[in-house]
Amino acid sequence: MTTAADAGAPPRAALLTPSPTSAPVPPAEASPPVRRVPLAVAGVIGAALAGYVFAEHGAKPGVLLLLGLGLGFALFHSRFGFTSAWRQLVAVGNGTGLRAHTLLLGTTATLFALVIGTGSGLFGSVPAPSAGPIGVALLVGAFLFAIGMQLGGACASGTLFAVGSGQGTIVLTLFGFITGSTLAAWQFGLWNDLPALDPYVLSDHVGWFGSWAVTIAVLAGIWFIARAVQARRNPPPVGTPPSARGVLRRTVRGSWPLAVGAVVLSLLGAGVLLVSGGAWGVTSAFALWGSKVAGALGGAPETWAFWQQPGNAAQLSGPVLADKNSLTDIGIMVGAAVAAAAGGVWQLHRSIPARTALAAVIGGILMGVGARLAGGCNIGAYLAGIASGSLHGWIWGAVAILGTWAGLRLRPLFGLGNPKPTDSVC
């Protein structure tokens, strides 16, 4: 890893070397012993769920659950984050996480262009791009979501894999997330008619190859900008999680390089598109779960305008274990539990400071409301939107950077720290 002393290297040499940091990347500690009981419990739950879903609902939902298990396994082992990546970039200028985003987005965009552009689909599905309207709800929703990420400590996908790995604080974030999603669905009429333009999808104007080329070019520009920012600010390095030694052992019990996580997540996300016809998403399931609970408690969510929208009524009336996003969400939590237990780091955190707990719940509520307003989260809007060549995905990401800046200024109110240039790691 290069340091400030390397800043004077020739431009070509600097381009081919790792981005500079104020100190070398610390070596990874050895992975603790396997947590056998949590591993056995998570393995039994995963196997039982898969068997039930395949038997009760068929191959398509069963495969979606398996893809979710794979997503959870990859998310945890790569510690692939969106919340931390934006926090590190905004706070100290470390663009490592954002550059990993560009690889994830570029690889996913390539696979999406191949799948959607050729009309390839499994189980009779017809793959379609993820597009969303561009308006006030998108701007407000993405901004609220980004603030919520920084208070709650995780994004949508991060919430799921953190819950699976036993992080008690993030269980509170998930509770807030479900609550906020349900509240936004209940009050659909308050925000549904906010001013908005129709979705803009590049492939409708320049074809799928043109859409892919523009997307890759913009992502390459972001990669170079993130690298230039890091070279200028010379931030602390990103910490390294515990890891086993050796390629095979590291695959099962160690931390994966971010680049490996990005590629694996892209492949699994493309699998979700192939199987279901829609991109990988997360947060619509939270609204479904909360509405199901509201109905069980005597409410009438079927009368809400949100669930009377085309396609939503069938989702609400159907079983949770036949719902696409519910299957992948549940799979992520179980897959992450397997990965964390195999890596020896699964641990249920019981002691949570009051201010941290409050921040988790508030952050979750903001993310739930924000995701519904924006039509998606860091996965359903940012990843799926950009990979589909939809303008709303780019706007979501840009506004999320602004929301991250605001969220960082709120974190100290809840006793939450932010990375500093003088830290050993960020």
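Structure shown above.
Residues numbered from 1 in each chain as written. Predicted model: local features only at pLDDT ≥ 70, side-chain atom pairs only at ≥ 80, totals over all residues. Heavy atoms only, no water.

A.B. asks: Can you walk me through the overall build of the chain in this structure?
C.D. replies: When you go through the chain residue by residue, the secondary structure sums to 18 helices and two strands. A globule of 426 residues ought to have a C-alpha radius of gyration of about 22 Å, and the chain, at 21 Å, matches this closely. Dimensions of the chain, computed from C-alpha atoms along their principal axes, come out at roughly 65 × 55 × 45 Å. Of all 426 residues assigned to the chain, the portion counted as buried reaches 52%. Summarising the internal contacts of the chain: among those between residues at least 6 apart in sequence, 82% fall at separations of at least 24. Per element, the accessible surface of the chain, about 17700 Å² overall, is 69% carbon and sulfur. Charge centroids of the chain, computed over 22 positive and 10 negative side chains, lie 16 Å from each other. (Helix = DSSP H or I, 4+ residues; strand = E, 2+ residues; numbered from the N terminus. Rg over C-alpha atoms; globule rule 2.2 N^0.38 Å. Buried < 20%, exposed > 50% of the residue type's maximum accessible area, 1.4 Å probe, protein only. Contact = heavy atoms within 4.5 Å. Areas by Shrake-Rupley, 256 points an atom, 1.4 Å probe, with all protein chains shown as cover. Lys, Arg positive; Asp, Glu negative; His and termini not counted. Charge placed at Lys NZ, Arg CZ, Asp CG, Glu CD.)

A.B. asks: Just checking my understanding: could you explain the packing of aromatic side chains for this structure?
C.D. replies: Each aromatic ring pair is summarised here by two numbers: the centre-to-centre distance and the angle between the ring planes. Per the counting criterion, the structure on display carries 17 aromatic pairs. When the centroid spacing of 6.1 Å and the interplanar angle of 85° are considered together, the rings of Phe82 and Tyr382 count as edge-to-face. One end of the pair, Phe82, is in the loop between helix H3 (59-78) and helix H4 (83-92); the other, Tyr382, is in helix H17 (residues 378-387), and 300 residues separate them in sequence. There is no split in this pair, since Phe82 and Tyr382 are both buried. Note on Trp86 and Trp396: the rings are 6.1 Å apart at their centroids and 45° apart in plane angle, and the pair reads as tilted. Linking Trp86 in helix H4 with Trp396 in helix H18 (residues 391-410), this pair joins segments that are 310 residues apart in sequence. Across this residue pair, the class does not change: Trp86 and Trp396 are buried. (Phe/Tyr/Trp six-rings, centres within 6.5 Å; stacked < 30°, edge-to-face > 60°.)

A.B. asks: Would you mind going over H17 with me for this structure?
C.D. replies: Since there are 3.6 residues in each turn of an α-helix, residues three or four apart along the chain are aligned in direction. Counted residue by residue, H17 has ten buried out of ten residues, so it is predominantly covered. When we look at burial in H17, the residues that qualify are Asn378, Ile379, Gly380, Ala381, Tyr382, Leu383, Ala384, Gly385, Ile386 and Ala387. On its buried side, H17 packs onto H4, helix H5 (96-118), helix H6 (136-152), helix H7 (156-164), helix H10 (203-233) and H18. Gly389 lies just past H17 and shows a positive phi near 75°.

A.B. asks: Looking at this structure, how should I read unusual backbone geometry?
C.D. replies: Residues apart from glycine generally show negative phi values, whereas peptide bonds are mostly found in trans. Positive phi values are uncommon outside glycine, yet Phe123 reaches one of about 55°. One can find Phe123 in the loop between H5 and strand E1 (134-135). The backbone of Asn234 sits at a positive phi, close to 50°, despite the residue not being glycine. Note that Asn234 resides in the loop between H10 and helix H11 (247-253).

A.B. asks: Teacher, can you tell me more about a nonpolar patch on the surface here?
C.D. replies: On the surface, Val136, Leu139, Val140 and Leu194 cluster together into a nonpolar patch covering about 270 Å² of accessible area. Topologically, Val140 is positioned in helix H6. By relative accessible area, which is 35% here, Val140 ends up partly exposed. (Patch = residues over 30% accessible without salt bridge, like charges linked within 9 Å, V, L, I, M, F, W, Y side chains within 5 Å. Salt bridge = Lys/Arg side-chain N within 4 Å of Asp/Glu carboxyl O.)

A.B. asks: In this structure, what is going on with the packing of H7 against helix H15 (residues 324-342)? I would like to understand it.
C.D. replies: What describes two packed helices is the angle between their axes and the distance between those same axes. Where H7 meets H15, the closest approach of the two axes is 7 Å, and the angle between their N-to-C directions is 45°. If you check the angle between H7 and H15, you find them oblique. Where H7 crosses over H15, the two elements pack in a sense that is right-handed. Contacts from Leu160, Phe161, Val163 and Gly164 of H7 reach H15 at Asp329, Ile332, Met333, Ala336 and Ala337. Class assignment for the residues of the contact of H7 with H15 results in seven nonpolar, one polar and one charged. (Axes fitted to C-alpha atoms, helices over the stretch in contact; angles between N-to-C directions. Parallel < 35°, antiparallel > 145°, perpendicular 65-115°, else oblique. Left-handed = near helix turned anticlockwise from the far one by under 90°. Nonpolar A, V, L, I, M, F, W, Y, C, P; charged D, E, K, R; others polar.)

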